[in-house]
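Chain residues, written in single-letter form:
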Amino acid sequence: MSDESFISIKNISKHFGNVRACDDVSFDIRRGEFFALLGPSGCGKTTLLRMLAGFEIPTMGEIFIDGQPMAAIPPYERPVNMVFQSYAIFPHLTVAQNIGFGLRKDKLPKAEMDKKVDEALEMIAMAGYGHRGADELSGGQRQRVALARALIKKPKVLLLDEPLGALDKKLREQMQLELRDLQREVGITFVFVTHDQEEALTMSDRIAVMAAGKALEIDSPVDLYEKPKTPFCADFLGTMNFFEGSVDSIGGGEAVIKTAEVGSLKSKGPNMDFSTNDRVMAAIRPENIEVAFEQPSSGSFITGKVRASAFLGDRAHVYINVEGRKDPVLTAMQNMDGAASQMSGQDHTVWLTWSDEAVILLPQDAS
Amino acid sequence: MTSQSLTSDQSVPSAPSTSSGGGIRGFFIRSENARGYALLAPTLILLFLAMVIPVVMLVARSFWTQSGMVQTADFSFVNYEMFFAKPIYWAVLKKSLYISGAVTIATLLLAYPAAYFVAFKVKKNKLIWLILITVPFWTSYLLRVFAWKLMLGYNGVVNSGLIGIGIIDEPLGFLLHNVNAVVLTLAHAWAAFAILPIYVSLEKIDKSLLEAAADLGEGPIRSFIRVTLPLSMPGVIAASLLVFIPTVGDYVTPKLVGGSGGIMIGNLVQNMFGRGNNWPMGSAIAVVMMITITLVVCVYLWLISQAKKRSS
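Residues numbered from 1 in each chain as written. Chains lettered and ligands numbered in written order. Predicted model: local features only at pLDDT ≥ 70, side-chain atom pairs only at ≥ 80, totals over all residues. Heavy atoms only, no water.

Q: Tell me about unusual backbone geometry, and please be specific about residues and values.
A: A positive phi angle, close to 45°, is found at Glu162(A), a residue other than glycine. Topologically, Glu162(A) is positioned in the loop between β7 (157–161) and α5 (169–186). For Asn125(B), which is not glycine, the phi dihedral falls at a positive 55°. Mapped onto the fold, Asn125(B) is located in the loop between α5 (87–121) and α6 (126–134). (Helix = DSSP H or I, 4+ residues; strand = E, 2+ residues; numbered from the N terminus.)

Given below as structure tokens:
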């Protein structure tokens, strides 16, 4: 056991009848890490979290936490605690009783227990709420109570199942930062499940992107976003323009891709493990495409016509029809000095340019 | 969404309206209460005719006196004086309360695991299980009591079975015609009335609460004591009242399986209206019984509210 593999998930599969919720998943989670399991609903992320908690038993494979095999350990003896999606606040108990629920086994004197509960209330900025009933709490407060109730046990790992899903947007953004700060403060390994890619990018040290029961890629948010290795991840995190093609030439950190839609594309992107004639996807992020109203004097470009634009306040998404391509090319521009208003009209002819580094090559068949 | 539409439903008719017009129709549209009472009216009328009037008559008659075949409609406490003067009445009433208490406890102990099983362990076809629980009600109450007579009798199923497999040589005499037989028969007869409310309250428990209890370190038994049981208490309380109140006055079961030791207050009332031919006295016993049950239930509910206060 090392800090690198504080939690070790080894060849875990979970079948529900014919459904493979998890299919041969293996990866390690580091000690003290804020780790996200990200994927669309039904990808197996919650099942995996529940197997860490002990609520589901793996059909195959094994889980180690801090070097200890978990197979024979029931949920109530695992060194993990969970924040449930519904928060699961006990409705018949007060806030203080909820938070102190897990302390019974420690057999503390009452004064000491009360002190711990008070400290926990302080931590979640709810001092003085101890005597309130569970039904007198708002959504955000319930979330905090669930958090305090789990953290008071000082678990080795805190599991969070869509912890912010029930909150409105403003509160969610605030709680994202608070959770992040709290995790740094207590230094406990957090594993959290979310389907919200923005939330995963904001909060986590590393993200495992899951789809159809498999963990496709595990990396830091920046690397996942900038150097995705599968079309699924490229598409799921943020948005992406894909151009199908095949490798014309490759070598020396450069590749030329022949595409049917926009002709040849040059790439100096991160993935270069391809050989000539491989079928690939050339992928370009919308924000890496520059839109010009006049023909650039040099470099490669394609031309198109503005089809529609979506004004988002701080930025605008502009959809551009390109001759020979079915889907419009999506570009994103900062709304600096009202730049987005220039895009409001339709049928402008525009020139699209990008740097060769922005063109990421991805395998076509994977996922 | 629903709360919004609910409040708007209520606020529209109660707002002063000019378009709804007058007459009975307009009155009903405007008045929330009128509509409520109109819906209740058939039940209220029936309750009034079949419950309130008889109870008033019963109370009135309990102050009459009877000598021989003649009832005198003069106001008198003589029946109540008799009730408290003769120890037999009070003793039988106390015994009835004791038997009903025992029946209630036995029924709850039998019903809770059954309700728990259907609520938590049955995954498919819960409805079939619930229907199976009500199957005993497809025959008459009387037949079910007789069935127990056949089971427990001197030459009954239990005795001949035990003799058949050689455990005993002679039939056991203590199975029938005593308090235990009454408790057993009543507990079986009222089981469904306890299972269903407990099932409903268990079914409502959010399963993630039980997972949370396990997650916070409590094994199955402690989770049950700290989470499942307190959350199912509304069902348990409802079940206990549903069983206790009607069984106190039961007279069929004690008559058939209770023997002389299993006599209950209902038997005395029945006797006064029948062979004893003293309706005023029977009415007085019935009134004392009703008041006693009401007091017992009030004390019970008060104790529960005290326990609740102390725990939070």
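And the narrative resumes.
Q: Help me get a handle on the environment of Met60(A), residues and values and all.
A: All names here are of chain A. Within the secondary structure, methionine 60 sits in strand β4 (residues 60–65). With 237 residues separating them in the primary sequence, methionine 60 and serine 297 have C-alpha atoms 60 Å apart. Excluding its chain neighbours within four sequence positions, the residues that come into contact with methionine 60 are Asn11, Ile12, Ser13 and His15. (Contact = heavy atoms within 4.5 Å.)

Q: Describe the packing of helix α12 (residues 220–248) of chain B against helix α15 (residues 279–311) of chain B, and please don't skip the residues or the numbers.
A: Residues and elements named next belong to chain B. The contact between α12 and α15 brings their axes to 11 Å, and the two run at 165°. Between α12 and α15, the interaxial angle falls into the category roughly antiparallel. You can see that α12 and α15 cross each other, and the crossing is right-handed. Contacts between α12 and α15 pair Ile237, Ser240, Leu241, Phe244, Ile245 and Val248 from the former with Met289, Ile293, Val296, Val297, Tyr300, Leu301 and Ile304 from the latter. Grouping the constituent residues of the contact of α12 with α15 by class yields 12 nonpolar, one polar and no charged. (Axes fitted to C-alpha atoms, helices over the stretch in contact; angles between N-to-C directions. Parallel < 35°, antiparallel > 145°, perpendicular 65-115°, else oblique. Left-handed = near helix turned anticlockwise from the far one by under 90°. Nonpolar A, V, L, I, M, F, W, Y, C, P; charged D, E, K, R; others polar.)

Q: Go over the packing of aromatic side chains, please, and point to the residues and values.
A: This structure, assessed with the given rule, holds 22 aromatic pairs over all chains. Taking 5.1 Å as the distance between ring centres and 70° as the angle between the ring planes, the aromatic pair formed by Phe83(B) and Phe84(B) counts as edge-to-face. Given a relative accessible area of 53%, Phe84(B) falls into the exposed group. Ring centres of Tyr116(B) and Phe224(B) lie 6.1 Å apart, and the angle between their planes is 70°; on these two criteria the pair is classed as edge-to-face. One end of the pair, Tyr116(B), is in helix α5; the other, Phe224(B), is in helix α12, with 108 residues separating them in the sequence. Three or more aromatic residues link up through ring pairs in this structure, and these residues are Phe63(B), Phe75(B), Phe77(B) and Tyr80(B). Between the NZ or CZ atom of Arg285(A) and the centre of the ring of Tyr225(A), over which it lies, the distance is 3.8 Å. (Phe/Tyr/Trp six-rings, centres within 6.5 Å; stacked < 30°, edge-to-face > 60°. Buried < 20%, exposed > 50% of the residue type's maximum accessible area, 1.4 Å probe, protein only. Lys NZ or Arg CZ within 6 Å of the ring centre and 35° of its normal.)

Q: Provide a residue-level description of the sheet that holds β7(A), including the pertinent values.
A: Residue and element names in this part refer to chain A. Spatially, six strands are ordered β6-β7-β8-β3-β9-β10 in an open sheet, and the strand pairing comes out mixed. Looking at the sheet topology across the chains shown, the edges are occupied by β6 (80–83) and β10 (214–219). Ignoring which end each strand starts from, the neighbouring axes of this sheet average 20° apart. Docked against the sheet, helix α4 (residues 139–151) engages β6, β7 and β8 (189–194), running at close to 175° with respect to β6. (Pairing = 2+ DSSP bridges.)

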